[in-house]
Amino acid sequence: MGDLVRITANDPSRGLVNGDLGRVMALDNTHDVGLQLPDGREVWLDGTRPLLLDYGYCSTVHAAQGQTCSRVLIDADAHSLTASRNSFYVAISRARDSAHIYTDDREMLPAAMSREHERQAALEMVADLQPERQNDGSRRKPRFASQAKRLRRSCMA
């Protein structure tokens, strides 16, 4: 009882939206789960069916946009391809009182968090991964060769 949970799928019949938070307030002998929502509503979920819930104690930077918390704990992966100035700004600016940063590489973190990613459409990114023909007819390595290899591997899986 009392656990904070996050709704992981829309449920229009109950007025629930993916990402909504609730607190477990009751479990009854028919396996139903009662949630108390931040707006004061109480919602009951059928516990005999899959519960589309996850723990609500943490969220991604993307999901946290627009929210403010007293205390923020940031998992800053210095080797992530998505680490950038924008994501770091969003993460750290959620905190009202304190922000604590945890990283896998303290030396690499400043460089990772100062990266700027230009927005590209998926087709532009794929074009960057294709080898280009040189004037002599040979092919030059793609601009992002290592990412291209990973992308091909993940598409084949």
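In what follows, the structure referred to is the one given above.
Sequence order as written defines the numbering, with residues in each chain counted from 1. Per-residue local features of the predicted model are confined to residues with pLDDT of at least 70, and side-chain atom pairs are confined, for both listing and counting, to 80 or more; whole-chain, interface and lining totals are unaffected and use all residues. Calculation of side-chain values draws on the structure's entire complement of heavy atoms; hydrogens and water are dropped beforehand.

## Side note on the overall build of the protein chain
Step number 1: A count of helices and strands for the protein chain gives five helices and nine strands.
Step number 2: Secondary structure elements follow DSSP: runs of H or I no shorter than four residues count as helices, runs of E no shorter than two count as strands, and numbering proceeds from the N terminus. Reading the secondary structure of the protein chain in the N-to-C direction produces β-β-β-β-β-α-β-α-β-α-α-β-β-α.
Step number 3: Burial classification: accessible surface area is computed with a 1.4 Å probe over protein chains only, and a residue below 20% of its type maximum counts as buried, one above 50% as exposed, and the rest as partly exposed. Counting every position in the protein chain, which comprises 157 residues, the buried fraction comes to 21%.
Step number 4: Should any heavy atoms of two residues lie within 4.5 Å, those residues are considered in contact. Here the analysis covers contacts within the protein chain between residues at least 6 apart in sequence; of these, 49% occur between residues at least 24 apart.

## Details of the sheet that holds strand 3 (residues 33-36)
Sheet strands associate in pairs through backbone hydrogen bonding, adopting either a parallel or an antiparallel arrangement.
Step number 1: Taken in spatial order, the five strands make up an open sheet running 4-3-2-1-5, and their pairing is antiparallel. Looking at which strands have only one partner, the edges of the open sheet turn out to be strand 4 (42-45) and strand 5 (53-55). Sheet twist, expressed as the average angle between the axes of neighbouring strands with direction ignored, equals 45°.
Step number 2: Strands qualify as paired when DSSP identifies two bridges or more between them. Here strand 2 (residues 21-27) pairs with strand 3 via four bridges, running antiparallel. Residue pairing for strand 3: Arg 23 is matched across the bridge by Gln 36. Fitted lines through C-alpha atoms give the axes, limited to the stretch in contact for helices. The angle between two N-to-C directions lies from 0 to 180 degrees.

## Quick look at unusual backbone geometry
Step number 1: A positive phi is found at His 31, a non-glycine position, where the angle reads about 75°.
Step number 2: As for its position among the elements, His 31 is in the loop between strand 2 and strand 3.

## A few points about the pattern of salt bridges
Step number 1: Criterion for a salt bridge: a side-chain nitrogen of Lys or Arg within 4 Å of a carboxyl oxygen of Asp or Glu. Taken as a whole and assessed by the stated rule, the structure comprises four salt bridges.
Step number 2: Here Arg 14 makes a salt bridge to Asp 11, at a shortest N to O gap of 2.8 Å.
Step number 3: With relative accessibility at 32%, the residue Arg 14 sits in the partly exposed group.
Step number 4: Using a relative accessible area of 19% as the deciding quantity, one classes Asp 11 as buried.
Step number 5: Arg 85 is the partner of Glu 116 in a salt bridge, and the nearest nitrogen-oxygen pair spans 3.1 Å. Of this pair, Glu 116 sits in the loop between helix 3 (109-113) and helix 4 (122-129) while Arg 85 sits in helix 2 (residues 85-92), placing them 31 residues apart in sequence.

## Focus: the pairing of strand 4
Step number 1: Burial along strand 4 is one-sided: the face carrying Val 43 and Leu 45 is buried and the face carrying Glu 42 and Trp 44 is not.
Step number 2: Hairpin connection from strand 3 to strand 4: five residues lie between these consecutive antiparallel strands, with Gly 40 at a positive phi of about 95°.

## Some thoughts on the layout of surface pockets
Step number 1: Of the volumes computed, that of the second largest pocket is approximately 210 Å³.
Step number 2: Site definitions follow a grid-based scheme: protein atoms alone, a 1 Å grid, a 1.4 Å probe that fits but cannot get out for cavities, and for pockets an open set with protein on both sides within 12 Å along at least five of seven lines, plus lining residues having an atom within 4 Å of a point. What lines the second largest pocket is simply Ile 7, Ala 9, Asn 10, Asp 11, Arg 14, Leu 16, Leu 45, Asp 46, Arg 49, Pro 50, Leu 51 and Leu 52.
Step number 3: Here the term charged refers only to Asp, Glu, Lys and Arg, the term nonpolar to Ala, Val, Leu, Ile, Met, Phe, Trp, Tyr, Cys and Pro, and the term polar to all other amino acids, Gly among them. The residue inventory of the lining of the second largest pocket, partitioned by class, reads seven nonpolar, one polar and four charged. Grid points are joined across faces, edges and corners, and a volume is the space filled by probe spheres set on the points.

## Describing the environment of Gly 22
Step number 1: Looking at the element boundaries, Gly 22 is found in strand 2.
Step number 2: Judged by relative accessible area, Gly 22 falls into the buried class, the value being 3%.
Step number 3: Leave out the neighbours within four places in its chain, and Gly 22 touches Asp 3, Leu 4, Val 5, Gln 36 and Leu 37.

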